[in-house]
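Examining the three-dimensional arrangement
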Amino acid sequence: MIKEKLEKFDKIVVTAHQSPDGDAVGSSLALVHYLKAKGKEAVVILPDAIPPFLGWLDGVADILYFEKDAALSTQLINEADGLFILDYNDLKRVGEKMGKAIEETDAYKMMIDHHLHPTDCVDWMLSDTNSCSTAQLIYEFIEDLGDLDLINNSISEGIYTGLVTDSGSFRFPSVKAKTHLIVADLLNRGLNHAKIHESLFDVNSLDKLHLLGYCLNEKLKVLPNIPVAVIYLSSAEQLVLKNKKGYTEGLVNFALSVEGVEMAVFLREDDKKVKMSFRSKGDIPVNEFSSKYFSGGGHKNAAGGVCFDGYEKSVEKLETVLYEFFETL
Ligand code: 5GP
Ligand code: MN
């Protein structure tokens, strides 16, 4: 039983995926606050930095970043009795070095995640691919352990942040009655949801809004003969527009909202690689598209991938395979 197992652990490390989003960060912090409420020594270790729009969450200042602090992170991973893998299901999603450290530690490994096709890299797993977010699973984990009364404001805010950000503000089909029951319970426990929405969505920098305007005005286009809208952004453009981490989050959804469009791509040059975000409506499986062509994955209607062929070649490859993909549908 996981309950008995957990009781025995003193030192626990909580990890989430690279380029952490609201669900990864919210779930990790919520779980760490819960473990601390149970008297454990617990720390969040992420591969790389969080986006600024999540900077207000309680506990952010104590997060360790493997990229910045590899030695201390590796030491804590080694010394841990238990290690959580949150919001990812394959060690590839934390980068090579952090993945290796996790693989090599003797810590008991526990996965809590909602992505398809979890890999066999843990000792215990709570995987529900129908769940709207890992945050929902964190709540259900605490519920199963009979500890709902330990939920304090910091835990609540982390869970709510994950729920809101991964469900498109409770809009996606993955949202269930249970999701709203969880929110109702958090509200009964004193959660200030309006403050969270404001912190998450109403604090844009002028640079970010100018970047959004540029992308919508100059870069958004619909490809001929297939219902696909794209936005491409080169390194040079990002330099001029002073792009920062997190600024382009959600941009792909504008492309998907174009009338008649069924799939959207946001492609961004990022150092030596080109990152792509895919979104779709209905039955178009962008996770299959992404894993077939861009060593990526995700969910049916939201996935991501990567290409190492340089900006121009990546754009060329993307457009070629998009037409190929739509032939097969
Ligand atoms: P986003 O476009 O917001 O970065 O990612 C959308 C979804 O795709 C998320 O659920 C994320 O976990 C998944 N995803 C994004 N990038 C990758 C990737 O490179 N590999 C895999 N396997 N999944 C990804
Ligand atoms: Mn998630």
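Reading the values: the criteria
Residues numbered from 1 in each chain as written. Chains lettered and ligands numbered in written order. Predicted model: local features only at pLDDT ≥ 70, side-chain atom pairs only at ≥ 80, totals over all residues. Heavy atoms only, no water. Core = buried A, V, L, I, M, F, W, Y, C linked by side-chain atoms within 4.5 Å. Buried < 20%, exposed > 50% of the residue type's maximum accessible area, 1.4 Å probe, protein only. Contact = heavy atoms within 4.5 Å. Donors = N, O, S within 2.8 Å, 3.2 Å for Na, K, Ca; no water. Helix = DSSP H or I, 4+ residues; strand = E, 2+ residues; numbered from the N terminus. Pairing = 2+ DSSP bridges. Axes fitted to C-alpha atoms, helices over the stretch in contact; angles between N-to-C directions. Near = heavy atom within 4 Å. Polar contact = N/O pair within 3.5 Å; in protein donor to acceptor, adjacent residues only side chain to side chain. Areas by Shrake-Rupley, 256 points an atom, 1.4 Å probe, with all protein chains shown as cover. Nonpolar A, V, L, I, M, F, W, Y, C, P; charged D, E, K, R; others polar. Domains from an automatic or database assignment. Buried area = accessible area lost by both parts, 1.4 Å probe. Salt bridge = Lys/Arg side-chain N within 4 Å of Asp/Glu carboxyl O.

Side note on the nonpolar core
By size, the foremost hydrophobic cluster in this structure holds 52 residues, and its most contacted members are L6, L31, L35, F84 and I159. Once residues within four sequence positions are removed from consideration, I159 is found in contact with G26, A30, A135, I138, Y139 and L186. By size, the runner-up hydrophobic cluster in this structure holds 25 residues, among which are V228, F278, F289 and L322.

Quick look at the coordination of the manganese ion (ligand 2)
Surrounding the manganese ion (ligand 2) are the protein donor atoms D23 (OD), D87 (OD), H114 (NE2) and D166 (OD), at 2.2 to 2.4 Å. In the primary structure, the donors to the manganese ion (ligand 2) are separated according to the pattern D-x63-D-x26-H-x51-D. Taken as a pair, D87 in the loop between β4 (82–86) and α4 (96–104) and H114 in the loop between β5 (108–113) and β6 (124–127) lie far apart in primary sequence, 27 residues in all. No difference in accessibility class separates D87 from H114, as the two residues are buried.

Considerations on the sheet that holds strand β9 (residues 263–270)
Taking strand neighbours across the sheet as the criterion, the 6 strands line up as β7-β8-β9-β10-β12-β11 in an open arrangement whose pairing is mixed. The open sheet is flanked by β7 (221–222) and β11 (297–298), the only strands paired with a single partner. Sheet topology places β7 next to strand β8 (residues 228–233); 2 bridges connect them, and they run antiparallel. By the bridge assignment, K221 is partnered in β8 with V230. Contacts from helix α9 (residues 206–219) reach β7 and β8 within the one sheet, and its direction differs from that of β8 by about 125 degrees.

Thoughts on the site of ligand 1
For ligand 1, the full set of nearby residues is R93, H115, K275, S277, R279, G296, G297, G298, H299, A302, A303 and G304. Here an oxygen atom of ligand 1 and a side-chain polar atom of H299 are 3.1 Å apart. When the free accessible area of ligand 1 is taken as 490 Å², the share hidden by the protein chains comes to 75%. Elements represented by at least two residues in the shell around ligand 1 include exactly β10 (273–280), β11 and β12 (302–307). The residue makeup of the shell around ligand 1, split by class, is 2 nonpolar, 7 polar and 3 charged.

Section: the domain arrangement of the chain
Annotation of the chain at the domain level lists domain 1 (2–201) and domain 2 (206–328). Counting from both sides, the interface comprises 10 residues of domain 1 and, opposite them, 6 residues of domain 2. Counting each side, the surface lost to burial between domain 1 and domain 2 is near 690 Å², with a carbon and sulfur contribution of 58%. Linking domain 1 with domain 2 are 1 salt bridge, by the criterion used here.

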